[in-house]
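Single-letter residue listing:
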Amino acid sequence: MYRPIDKISSISAEQLDRIIGEYPVIGRVYDAVPGFKQTLLGKKESELDKWLEETDSLEIDELSSFTNGIRRDIAAVKNAILLDYNNGLAEGSVNKLKVVKRVMYGRNGFEMLKGKLLRLELKRKIN
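Before going into details, it helps to say that this report is about the structure given with it. Here the structure is a predicted model, which is why all the values come from computation and not from measurement.

1. Observations regarding the side chain of Thr67
Line of reasoning, step 1. For Thr67, the position within the fold is in helix H4 (residues 61–72).
Line of reasoning, step 2. Judged by its relative accessible area of 0%, Thr67 falls in the buried class.
Line of reasoning, step 3. Here Asp56 takes part through its side chain, which lies 2.7 Å from a polar atom of the side chain of Thr67.
Line of reasoning, step 4. Apart from residues no more than four positions distant in its own chain, Thr67 is found in contact with Trp51, Leu52, Thr55 and Asp56.

Structural data, given as C-alpha cells:
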C-alpha cells in the first residue's frame, strides 16, 4: 500500500480495483497511506495535523491506533519531517556490534570483543 500500484509486479490495477470493490475499507486505507507518505517525504509538517484528522474520520481501528501513537510523540514526528537528522550511524554501529558478538558467542570475553571491534573500526578508517 506504500508503493504505487504500477511499481508492484505481483498485483495489477484491475486486481486492486476488484479487491477495493469487494472490501471498501481497503480502498479507504489505500487512499490514506499516500497522504502520509507525501507529508513525510515532502517535508510538509503543517499537513500532518490535517492528515491525522482525515485519517481519524475513517474510523478504522488500526489507523486510529497509528494516529494515536503519532499524537503521543507529535513533537518528535514533526521534527523527523522537518529535519534531515537521523540515528542511522548509531544503529549501524550497534548492528555491527551485535553481529560480531553473535559470531564470537561463548568463545571469548568482553576484552576480546572490545579489541575486535576497535580493530575493525581502525581498519575501516584506514581504507
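2. Structural notes on the environment of Pro34
Line of reasoning, step 1. Mapped onto the secondary structure, Pro34 falls in helix H2 (residues 24–41).
Line of reasoning, step 2. Residues Pro34 and Tyr2 lie 32 residues apart in sequence; the distance between their C-alpha atoms is 6.6 Å.

3. Looking at the layout of surface pockets
Line of reasoning, step 1. By volume, the largest pocket amounts to about 180 Å³.
Line of reasoning, step 2. As for the largest pocket, its lining consists of Arg28, Asp31, Ala32, Gly35, Gln38, Thr39, Glu47, Lys50, Trp51, Glu54, Thr55 and Leu58.
Line of reasoning, step 3. Secondary-structure elements contributing two or more residues to the lining of the largest pocket are H2 and helix H3 (47–57).
Line of reasoning, step 4. Residue contributions to the lining of the largest pocket peak at six residues, all from H2.
Line of reasoning, step 5. Of the residues that constitute the lining of the largest pocket, the class distribution is three nonpolar, four polar and five charged.

4. Remarks on the packing of aromatic side chains
Line of reasoning, step 1. Considering all chains together, one arrives at three aromatic pairs under this definition.
Line of reasoning, step 2. Between the aromatic rings of Phe36 and Phe66, the centroid separation amounts to 5.3 Å while the plane-to-plane angle is 85°, which identifies the pairing as edge-to-face. Separated by 30 residues along the polypeptide, Phe36 in helix H2 and Phe66 in helix H4 bring together distant segments of the chain.
Line of reasoning, step 3. Under the relative-accessibility criterion, Phe36 is labelled buried at 14%.
Line of reasoning, step 4. The exposure class assigned to Phe66 is partly exposed, which follows from its relative accessible area of 37%.
Line of reasoning, step 5. Between Trp51 and Phe66, the aromatic rings sit 6.3 Å apart at their centres with planes inclined by 85°, giving edge-to-face as the arrangement. Taken together, the residues span a long stretch of sequence, with Trp51 in helix H3 and Phe66 in helix H4 at a distance of 15 residues.
Line of reasoning, step 6. Trp51 gets classed as buried once you look at its relative accessible area, which sits at 7%.

Parameters at a glance
- Residues numbered from 1 in each chain as written.
- Predicted model: local features only at pLDDT ≥ 70, side-chain atom pairs only at ≥ 80, totals over all residues.
- Heavy atoms only, no water.
- Helix = DSSP H or I, 4+ residues; strand = E, 2+ residues; numbered from the N terminus.
- Buried < 20%, exposed > 50% of the residue type's maximum accessible area, 1.4 Å probe, protein only.
- Polar contact = N/O pair within 3.5 Å; in protein donor to acceptor, adjacent residues only side chain to side chain.
- Contact = heavy atoms within 4.5 Å.
- 1 Å grid on protein atoms, 1.4 Å probe; cavity = no way out; pocket = protein on both sides within 12 Å on 5 of 7 lines; lining within 4 Å.
- Points joined across faces, edges and corners; volume = space filled by probe spheres on them.
- Nonpolar A, V, L, I, M, F, W, Y, C, P; charged D, E, K, R; others polar.
- Phe/Tyr/Trp six-rings, centres within 6.5 Å; stacked < 30°, edge-to-face > 60°.

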